[in-house]
Amino acid sequence: MPAHDMSLTTPHPAGRDEGLRLALEDLRLGRWLAAATLLRETDNWALRCSRSQVLGRAAVGTRAIEAWCEEEPDDHNAWMMRARVLAERVLVAHREGVSRWDLLDLVKTAQHACQIPEEGWAADPVPYLCRMALAQVDTDWRAPHGPLNWLERKDLLPPGPWRLLHEVHERDPYNREAFHRMLAVIHARGEEGMTYAQWVASFVPDGSPLKVLPQYAFVEHYRRLWESRQTTSVIAYWVTEDKAHYARRALLDWFEQTQPAQGQPDTRSLLDLNYLAHGLTATGEGNVAAVFEAIGPHVTTAPWTQVAPDPAWWQEEFLKARRPALSGMGGRRR
C-alpha cells in the first residue's frame, strides 16, 4: 500500500513505549506493580518525567497509587506518583468547572502532596512539574493560589511560575514538560504565548524538542482568532516569514538532528512530529515528506482539530497536508 494511502490510527497514550503501555493497562485495572517496576528501571530524568506524566493521567480515576503508598510507604516513586495524580485531578476538576472553594481545597491537598517527594529526593524534578501543573489553574492575579505562580520578570515575558521552571531546569536542563507547562500557564491566563515560545526556541540546544514549541503557540493563537471569527487575520495567518522560519529551524535543528540510528526505534514525541508536519505544510516551507514518514499512520488529534474549519474534519485536514508531501509534491513552494 502506498504510504500516502495508509490508514490512520490515533496513537496510544504510551506512544511507542511498550513498557509504559503495559504499566498503563495495569493501572487502569487498579494495579500498580507494573508502574512501580517501570519507574524503578527508568534511568534518566527526561524519561522519568514523561512516563510519570502519562501514568498520572491514567491513574486519576483509580485508587491504584493510593494503594501503592499504603503498601510501600518508603518508596519515593509512590509518593511522587501521588503528587502527579493529585495535580492531574486538580486540572480535571478545573476543566469540569468545580467551584472556586472546592478547587482551592484540591489545590492545597496537591501542594502538600508535592512536599513529600521534594523532601524525600531533592534531585527529582517531578514534584516541581506537579506544582507547575497547579499553576495552570491559578488564573486570577487578584486572588492567587500561590506566590510562586506570579513572579514578575524584568523583560517582556509575562509573570508566571518562573522559580518553579528554574527548579526543574536545575535538575533536568531543558525539560520538555516544564517549558510546555509554562506555555500552558500563559495560555490559561488568556495571554498569547508566541513571544515566550520564540524566546525558548532561541536558546535551547540543537536536538531539543523545544525547538518545536513555537508551533504550539502559533496553533493556539490561530485557534483563538478563528474562534473569535477574526477572519481577516486568519486568511493569511500562516504565510509569514517568521512562522516559516520557526518551522524551518525545528526541522533542521531538531528533526534532522535526532534521526534514530538504523534499526533503532524512533522515540520522538508523535505530538511534536504532528505539530512540525503542520507547521511545514501550512507555512509552505515544505521539505516535510520525512516528517510524515516518521509519523506513519499515527496522527494525533492536535494540532489538526485546532486548525480544521470544523474540528470533526481533523483527519481530513491531516490527509490534505500529507497527500502532496508523500506524492513527491512536498518540496518548498517558491
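The coordinates are above.
Predicted, not measured: the structure shown is a model, and the values here were computed from it.

## A closer look at the environment of Gly120
- Note on placement: Gly120 falls in helix 6 (residues 100-120).
- The class of Gly120 is exposed, set by a relative accessible area of 58%.

## Some words on unusual backbone geometry
- Cis peptide bonds are those with omega within 30 degrees of zero, and the linkage from Ala302 to Pro303 qualifies with 5 degrees.
- Despite not being glycine, Tyr174 shows a phi value in the positive range, around 60 degrees.

## Details of the nonpolar core
- One finds Leu55, Tyr196, Val291 and Phe292 to be the most contacted residues of the largest nonpolar core, which totals 97 residues.
- Ranked by the residues each element gives to this core, the list is headed by helix 5 (residues 76-95), at ten residues.
- Filtering out sequence-adjacent residues up to four positions away, Tyr196 remains in contact with Leu157, Trp162, Phe179, Met182, Leu183, Ile186 and Leu213.

## Quick word on the side chain of Arg189
- With respect to the helices and strands, Arg189 occurs in the loop between helix 9 (176-188) and helix 10 (194-203).
- Nearest to the buried, unbridged Arg189 among oppositely charged side chains is Asp138, at 5.0 Å.
- At a separation of 2.8 Å, a polar atom in the side chain of Arg189 contacts the main-chain carbonyl oxygen of Asn149.
- Residue contacts for Arg189: discarding those within four places in its chain leaves Ala135, Asp138, Thr139, Asn149, Trp150, Pro159 and Gly160.

## A look at the side chain of Lys211
- Inspection of the secondary structure puts Lys211 in the loop between helix 10 and helix 11 (213-227).
- Looking at Lys211, its side chain comes within polar contact range of the main-chain oxygen of Val204, at 3.1 Å.
- Residues within four places of Lys211 in sequence aside, it is in contact with Ala201, Val204, Pro205, Asp206, Tyr246, Ala250, Asp253 and Trp254.

## Some words on the packing of helix 5 against helix 7 (residues 126-135)
- At a minimum axis distance of 9 Å, the contact between helix 5 and helix 7 shows a crossing angle of 10 degrees. Judged by the angle between their axes, helix 5 and helix 7 are roughly parallel. The segment helix 5 lies against helix 7, with Met80, Ala83, Arg84, Ala87, Val90 and Leu91 engaging Val126, Leu129, Cys130, Ala133 and Leu134.
- Split by residue class, the contact of helix 5 with helix 7 holds ten nonpolar, no polar and one charged.

## Structural notes on helix 1 (residues 18-28)
- For helix 1, the full list of buried residues reads Leu20, Ala23, Leu24, Asp26 and Leu27. Mapping the buried residues of helix 1 onto a view down its axis gives an arc of 165 degrees, with all of them on the same face.
- Here the buried face of helix 1 lies against helix 2 (33-41), helix 3 (45-58) and helix 4 (64-71).
- Regarding helix 1, its N-cap is Asp17, as a side-chain oxygen of that residue lies 3.3 Å from the backbone nitrogen of Gly19 further along.
- Backbone geometry just downstream of helix 1 places Gly30 in the positive-phi region, at approximately 80 degrees.

## Remarks on the packing of aromatic side chains
- Within this structure, the stated rule accounts for 16 aromatic pairs.
- Residues Trp45 and Trp121 carry aromatic rings whose centres are separated by 5.1 Å and whose planes lie at 50 degrees to one another, so their mutual orientation is tilted. Of this pair, Trp45 sits in helix 3 while Trp121 sits in the loop between helix 6 and helix 7, placing them 76 residues apart in sequence.
- Residue Trp45 is classed as partly exposed on the basis of its relative accessible area of 22%.
- A residue is classified by how much of its surface remains accessible, and Trp121, at 37% relative accessible area, is partly exposed.
- Pairing Tyr174 with Phe203 gives two aromatic rings, centres 6.4 Å apart and planes at 45 degrees, and the pair type is tilted. On the criterion of sequence distance, the pair formed by Tyr174 in the loop between helix 8 (162-171) and helix 9 and Phe203 in helix 10 is long-range, its members being 29 residues apart.
- The class of Tyr174 is partly exposed, set by a relative accessible area of 31%.
- Taken together through their ring pairs, the aromatic side chains of Trp162, Tyr174, Phe179, Tyr196, Trp199 and Phe203 make up a single cluster.
- Between Lys243 and the ring centre of Phe218, over which it is positioned, the NZ or CZ distance is 5.4 Å.
- A cation over a ring is seen here: Lys243 above Tyr237, with NZ or CZ 4.2 Å from the ring centre.

Conventions we followed
Residues numbered from 1 in each chain as written. Predicted model: local features only at pLDDT ≥ 70, side-chain atom pairs only at ≥ 80, totals over all residues. Heavy atoms only, no water. Helix = DSSP H or I, 4+ residues; strand = E, 2+ residues; numbered from the N terminus. Buried < 20%, exposed > 50% of the residue type's maximum accessible area, 1.4 Å probe, protein only. Core = buried A, V, L, I, M, F, W, Y, C linked by side-chain atoms within 4.5 Å. Contact = heavy atoms within 4.5 Å. Lys, Arg positive; Asp, Glu negative; His and termini not counted. Salt bridge = Lys/Arg side-chain N within 4 Å of Asp/Glu carboxyl O. Polar contact = N/O pair within 3.5 Å; in protein donor to acceptor, adjacent residues only side chain to side chain. Axes fitted to C-alpha atoms, helices over the stretch in contact; angles between N-to-C directions. Parallel < 35°, antiparallel > 145°, perpendicular 65-115°, else oblique. Nonpolar A, V, L, I, M, F, W, Y, C, P; charged D, E, K, R; others polar. Arc of directions from axis to C-beta. Phe/Tyr/Trp six-rings, centres within 6.5 Å; stacked < 30°, edge-to-face > 60°. Lys NZ or Arg CZ within 6 Å of the ring centre and 35° of its normal.

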